[in-house]
Amino acid sequence: MRTSVSLAFLLVAMFSERAAAEESCPWLNAATAGGALTAAVTTAVTHETANRDDAVCTFTGERSRLRIEVRTMDTPRTEFASRAAQCSENPEALRAIGNEAVVCGSKGSAQLVGRVRNRLFVVVVTADDPSARLREKARAVAESVAGNLF
Amino acid sequence: MRLVLITAALVFRVGLWAQADSHPDNYDFHFGKDLISAPGNAMMEGGGFVEPGAFSKAEYCGHCHKEAYAQWRQALHSNSFRTPFYRTSVNILLRTKGIEFTRHCDSCHNPIGVLSGALTADSKVDRSFDPDGLTCMTCHSVSRVQATVGNGGIVMDIPAVMVDENGKRVPGEVPDEEIRKHPERHSKAVMRDVLKTPEFCAACHKANLPPTLNDYKWLRAFTAYDEWQNSKFSKRNPLSFYTDSFTTCQGCHMRRGELTLEDPGAKNNTLVSHRWPAGNTAVPFYYGFDEQLKKTVEFLQSGKYLNVDLFAIRKASDDRIVAPLGSVPFQLAANDTVETLVVIQNKGIGHSLIPEVRDLFEAWVEFTVKDGGGTEFYRSDFVKPNGTLDEKAHSFTNRLVNVDSSLVDNHKVWTVLTTAYDNTIQAGRSTLVRYRFRIPAGATGPLTVTAKVNYRHLRQSYLNNVLGEDHPVYPVVEIASRSRTLNLGGNVPSGPDPKDNPEWMRWNNLGIAYLDQLQYADAVAAFNEVVKLRPTYADGYTNIALTEMVWEKYDSARASLGRALALNRDDARALYYVALLEKRAGNTNALVADLRKVIAQYPQSRDARRELGVAYYQKHQYPEAVEQFEALLAIDSDDLTAHYNLSLLYSRLGMEEKARQQAELYAVKKADPGAAANSLDFLREHTEVSTELESVPWHVHTDMPEGIGIADKR
């Protein structure tokens, strides 16, 4: 009996873990993320707020990483402005990424902060290779994310 | 040589070719085995999927074809998938019904996505092709179209930029020097004849909502192709009101222009447009494609498409119309109540105004009157401060209605039950809009009366849904306008403006508008003015006859057609209407003879084929009837009469399986008689549009209190 309970517990635990591990990113699939990073990636999706529509997706390659955060804003204009202001390293306003977007960063890391209506999205691409065109990658990823948020 | 090419292809990048029996892992064949694109129709030659990498990126083509690439990058086709205006709508479908249903839309908007099997839950396909929409290789790899079924009814061949010495397609990219060495093989791979046909455009510019999408029944969504086929530009329809030279879709939307960049595809330093200018200003505005926006506005404002005619006025004190304005004298005074008749002609568009998704696009008439000091004292049909259009504006839009008799908003077409209202002007036709105003006491002349047709892409409610309400103001384009100066006191003939139609055509357009508003006496009177001004114009008499036929004055119709045929005994349009009179009189042999003459001149006339098929059926000449209905289905694969009659004819000829298929098609495509009730429910709640229906010809736009004006006096 004890063995059976333990086995059942183990199975439940295994399936729970597997289910959690299999949650896919709602705004970018692993194949596209891997294409952007030019690497095979592992995916992790976490929810940092009570709103299940908000999430953080992390794609990790051997020498690069992509993080996508999406959250719902109560006061879109002010919250976006506040978050965009933090994107301060050589910031560049972008057109045609969501409603509005700004990209910043330097060698090794690029960050893009954007908005679709009341949804804030932040894309961060990091890579060991200093020659990687990370702003372009962030923009390409952000376009997909924004497209799925519309 | 073949080995060299194949090796080169392997060296550069080979798009792996999936066999028909292989498919991406976990692909959801939701709509049946092998139906990879349903509810859409896109397919590969031989069936199956294709690896997305088989389609070379547009940049690959662009490193030689710089002009075409630069144009394409800003055009609607390259942005067919990624724009927020499309994604908002298709995302609703994805979220409410599932990604597999989006294959309906994406068979046109993202065929690589469909054909690579990317549109399935938990897809493992790299979607980096999304931002390129319809690339060079998607269009230039199409080998044929599936009749004219639409919904992305293309058949895609192996994407290739070269054929080998045996004409076999060589997949993947090849070195530039190979293309330079064998330009004819490059041309053979990418420039198939189908690209130049209107049927190629029909693959996506004709759409329906199948039961697999809406769980209801087949509904027509739009068909710019059929509208073109029925227009004067196709030379396939003898019944158009006017005639013109043959022009395809490409003839208007892919006109040659001078090069600004290098392009080996150019001829005489010109290239066919890869901008496909049309009406969409929203996409170039959103992306900041200034050149595309400029070209689009220039296209819309070229002056070729619409004619606005301030045709007549009618004073409250007089039942007669003063017409045509500019050609006749009249008096006006302060305090006069004036009704203005504005005739708007779809003169040079090869399809309707506005085509396709009339629930999102918005064109409307704006009418103003100013006094001598420039003060506007009457305005109708305006954009309000919140960006929405005056609900009572005369707009060329539609209202789609769902099962709750409510407006289908956000282009949720899978919820459409019926169309409650569809106010368009078909190619070659005209509409009449009436405005009534009172000249203020003490007004100084001269008055300036102006009517404009404005257009915007998209209607404000949809822009708000897509972008929220805090978006920039999207462009409004004036497509056509006409102003006239009216003196307070005496007015003398002023002569025509260079943009004006000749006087006979002004009357003709009025007649066409009256005919469409079921005002038969007024229509005949207008057409009589046409033949007075142009007695050798056979169509003038045919127009009279057509009106008399729908007015059930058959004898006088026959006499009018006799006059048309006296001018031209082979006149196909007149012969067709004579045939209808013969049909009514029971003269089947004469009916058949006349229709055969029409078809000899216009083998793709739907109407003549349809009537001839019925005539043969009535004569029990079943094989001949089948021939006509099969020809009709080749012209329009959705013709209900053909489906119905073929279901009976095949059965009589012992072809039971074919009979069953046609009966099924008829049942699914036949209009739902119950849907009309939902239309009526909607119209009862929305008088601002129900008064605009063509069956309410006494409707006048006015800001005057009810009970004042000409309509009441009459």
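Just so it is clear, the structure is predicted and the values come from calculations on it, not from any experiment.

What counts, and at which threshold
Residues numbered from 1 in each chain as written. Chains lettered and ligands numbered in written order. Predicted model: local features only at pLDDT ≥ 70, side-chain atom pairs only at ≥ 80, totals over all residues. Helix = DSSP H or I, 4+ residues; strand = E, 2+ residues; numbered from the N terminus. Contact = placed C-beta atoms within 7 Å. Rg over C-alpha atoms; globule rule 2.2 N^0.38 Å. Buried ≥ 20, exposed ≤ 12 C-beta atoms within 10 Å, placed from the backbone. Domains from an automatic or database assignment. Nonpolar A, V, L, I, M, F, W, Y, C, P; charged D, E, K, R; others polar. Pairing = 2+ DSSP bridges. Axes fitted to C-alpha atoms, helices over the stretch in contact; angles between N-to-C directions. Core = buried A, V, L, I, M, F, W, Y, C linked by C-beta atoms within 7 Å. Parallel < 35°, antiparallel > 145°, perpendicular 65-115°, else oblique. Left-handed = near helix turned anticlockwise from the far one by under 90°. Expected span 1.5 Å × (residues − 1). pLDDT = per-residue confidence, 0-100.

When helices and strands are counted, chain A shows four helices and seven strands. Tracing chain A from N to C terminus, the helices and strands come up as α-α-β-β-β-α-β-β-β-β-α. Of the contacts formed within chain A by residues at least 6 apart in sequence, a portion of 48% connects residues at least 24 apart.

Along chain B, the regular secondary structure elements total 29 helices and 21 strands. For 714 residues, the compact-globule estimate of 2.2 N^0.38 gives 27 Å, and chain B sits close to it at 28 Å. If you line up chain B on its principal axes, its C-alpha atoms span 85 × 65 × 55 Å. For chain B, the residues scored as buried account for 48% of the 714 residues in total.

Attention now goes to the domain arrangement of chain B. Residue and element names in this part refer to chain B. What the domain assignment lists for chain B is domain 1 (2-224), domain 2 (295-487 + 701-713) and domain 3 (603-693). Relative to domain 3, the C-alpha centre of domain 2 lies at a distance of 35 Å. Across the boundary between the two partners, domain 2 contributes twelve residues, which contact ten residues of domain 3. Where the side of domain 2 that touches domain 3 is concerned, the elements lending two or more residues are β15 (398-401) and β16 (418-422). Along the lines of polarity and charge, the residues of the side of domain 2 that touches domain 3 split into five nonpolar, four polar and three charged.

The next thing to look at is the sheet that holds strand β18 (residues 447-456) of chain B. Residues and elements named next belong to chain B. Judged by pairing direction, the sheet is antiparallel, and its four strands sit side by side in the order β14-β13-β18-β19 without closing on themselves. The sheet is open, and its two borders are formed by β14 (376-380) and β19 (476-486), each paired with just one other strand. This sheet shows a mean twist of 15 degrees between the axes of neighbouring strands, independent of strand direction. Relative to β14, strand β13 (residues 362-370) runs antiparallel, the two sharing four bridges. The residue bridging Thr 368 from the neighbouring strand is Arg 379, located in β14.

With 14 residues of chain A at the contact, the number on the chain B side is 20 residues. Considering each element in turn, the side of chain A that touches chain B owes the most residues, four residues, to helix α4 (residues 134-149) of chain A. Here the side of chain A that touches chain B is built from residues that sort into three nonpolar, eight polar and three charged.

Glancing now at the nonpolar core. Considering soluble globular proteins, one finds that nonpolar side chains tend to be buried as a cluster. In terms of nonpolar packing, the biggest core is built from 208 residues, with A:Ile68, A:Phe121, A:Val123, A:Val141, A:Ala142, A:Val145 and B:Val342 touching the most fellow members. Ignoring any residue separated from it by four or fewer positions in sequence, one finds A:Val141 in contact with A:Leu28, A:Ala36, A:Leu66, A:Ile68, A:Val123 and A:Val125. Grouped together as the second largest cluster of nonpolar side chains are eight residues, B:Val161, B:Met162, B:Val170 and B:Ala189 included.

Residue and element names in this part refer to chain A. Pairing within the open sheet is antiparallel, and its seven strands lie in the order β1-β2-β3-β7-β6-β5-β4. Since the sheet does not close on itself, it has two edges, and those belong to β1 (42-46) and β4 (92-94), each with one partner. Across the sheet, the mean angle from the axis of one strand to that of its neighbour is 15 degrees, orientation sign disregarded. Summarising the sheet, strand β5 (residues 100-106) and strand β6 (residues 109-116) pair through seven bridges and their orientation is antiparallel. Note that in β6 the partner of Ser 106 across the bridge is Ser 109. Packing against the sheet, helix α2 (residues 30-37) makes contact with β1, β2 (55-60) and β3 (64-72), and its axis sits at approximately 130 degrees to β3. Across the sheet, α4 touches β3, β4, β5, β6 and β7 (119-127), and the angle it forms with β7 is around 150 degrees.

We now examine the packing of helix α23 (residues 606-618) of chain B against helix α25 (residues 640-652) of chain B. Residue and element names in this part refer to chain B. One way to put it is that α23 packs onto α25 with a least axis distance of 11 Å and a crossing angle of 25 degrees. Classed by the angle they form, the pair α23 and α25 counts as roughly parallel. The handedness of the crossing between α23 and α25 comes out as left-handed. Facing α23, whose interface residues are Arg 610, Gly 613, Val 614 and Tyr 617, α25 presents Thr 641, Asn 645 and Leu 649. A class-by-class count of the residues in the contact of α23 with α25 yields three nonpolar, three polar and one charged.

What follows deals with helix α19 (residues 538-550) of chain B. All names here are of chain B. Look at α19: 19 Å from first C-alpha to last across 13 residues, which is about the 18 Å you get at 1.5 Å a residue. The element α19 is extensively covered by neighbouring structure, given that twelve of its 13 residues are classed as buried. Buried residues along α19 sit against α17 (503-516), α18 (520-533), α20 (554-567) and α21 (572-585). Of the residues one or two after α19, Glu 552 is the one with positive phi, at around 65 degrees.

All names here are of chain B. In this structure, Arg 255 sits in the loop between α13 (249-253) and β8 (256-258). In this structure Arg 255 comes out as partly exposed when scored by C-beta crowding, with 13 C-beta atoms within 10 Å. In this structure the C-alpha to C-alpha distance between Arg 255 and Pro 159, which are 96 residues apart in sequence, comes to 26 Å.

A few words now on the pairing of β6(A). The side chains of a regular strand alternate between the sheet's two faces. Residue and element names in this part refer to chain A. The buried fraction of β6 amounts to seven of the eight residues, a majority that puts the element mostly inside the structure. Connecting the antiparallel pair β5 and β6 is a turn made up of two residues, with Gly 108 showing a positive phi of about 95 degrees. As paired elements, β6 and β7 share eight bridges and run antiparallel to each other. What sits directly across from Val 116, in β7, is Arg 119.

Turning to α2(A), a few remarks are in order. Think of an α-helix as turning once every 3.6 residues; residues three or four places apart then point the same way. All names here are of chain A. By the burial criterion, the buried members of α2 are Thr 32, Ala 33, Gly 34, Ala 36 and Leu 37. In this structure, the buried side of α2 is in contact with β2, β3 and α4. Just downstream of α2 lies Thr 38, where phi reads positive at about 50 degrees.

Before going further, it helps to spend a moment on the confidence of the model for chain A. Averaged over all residues, the pLDDT of chain A equals 89, while 86% of them reach at least 70. Low pLDDT, under 50, characterises residues 5-20 of chain A; the predicted model gives this stretch zero contacts beyond four residues in sequence or across chains.

Our focus in this paragraph is the packing of α19(B) against α21(B). Residue and element names in this part refer to chain B. Running from N to C, α19 and α21 cross one another at 25 degrees; their axes reach a closest spacing of 10 Å. When the axes of α19 and α21 are compared, the pair comes out roughly parallel. Note that α19 runs across α21; the crossing there is left-handed. Here Ala 538, Asp 539, Thr 542, Ala 545, Leu 546 and Met 549 of α19 lie close against α21, whose contacting residues are Arg 573, Ala 574, Tyr 577 and Leu 580. Residue composition of the contact of α19 with α21, grouped by class: seven nonpolar, one polar and two charged.

The next thing to look at is the environment of B:Tyr305. Residue and element names in this part refer to chain B. By the element assignment, Tyr 305 lies in the loop between α15 (290-300) and β10 (306-315). Of the residues examined, Tyr 305 has 19 C-beta atoms within 10 Å and is grouped as partly exposed. Through-space distance from the C-alpha of Tyr 305 to that of Leu 353 is 9.3 Å; in sequence the pair is 48 residues apart. Those residues within four positions of Tyr 305 in sequence are excluded, and the remaining contacts are Lys 347, Gly 348, Ile 349 and Ile 479.

A few words now on the pairing of β15(B). Residue and element names in this part refer to chain B. Here β15 shows a buried face lined by Asn 398 and Leu 400 and a second buried face lined by Arg 399 and Val 401. Judged from the four bridges that link them, β15 and β16 form a sheet pairing that is antiparallel. In the strand pairing of β16, Asn 398 is matched with Asp 422.

To continue, consider the environment of B:Ala634. All names here are of chain B. Within the secondary structure layout, Ala 634 lies in helix α24 (residues 622-635). Residue classification places Ala 634 among the partly exposed residues on the basis of 14 C-beta atoms within 10 Å. Sequence separation between Ala 634 and Thr 148 is 486 residues, and the spatial gap between their C-alpha atoms is 7.9 Å.

Before going further, it helps to examine unusual backbone geometry. Between B:Ala38 and the following residue, B:Pro39, the backbone shows a cis peptide bond with an omega angle of 10 degrees. Topologically, B:Pro39 is positioned in the loop between α1 (2-12) and β1 (43-44). Omega for the bond connecting B:Ala323 with B:Pro324 falls within 30 degrees of zero, at -10 degrees, which places this linkage in the cis form. Residue position: B:Pro324 is located in the loop between β10 and β11 (330-332). A positive phi angle, close to 50 degrees, is found at A:Asn90, a residue other than glycine. Take A:Asn90: it is sitting in the loop between α3 (76-85) and β4. Judged by the 11 C-beta atoms lying within 10 Å of it, A:Asn90 is exposed. Backbone geometry places B:Asp215, a non-glycine residue, at a positive phi of 55 degrees. Here B:Asp215 lies in the loop between α11 (211-214) and β7 (219-223).

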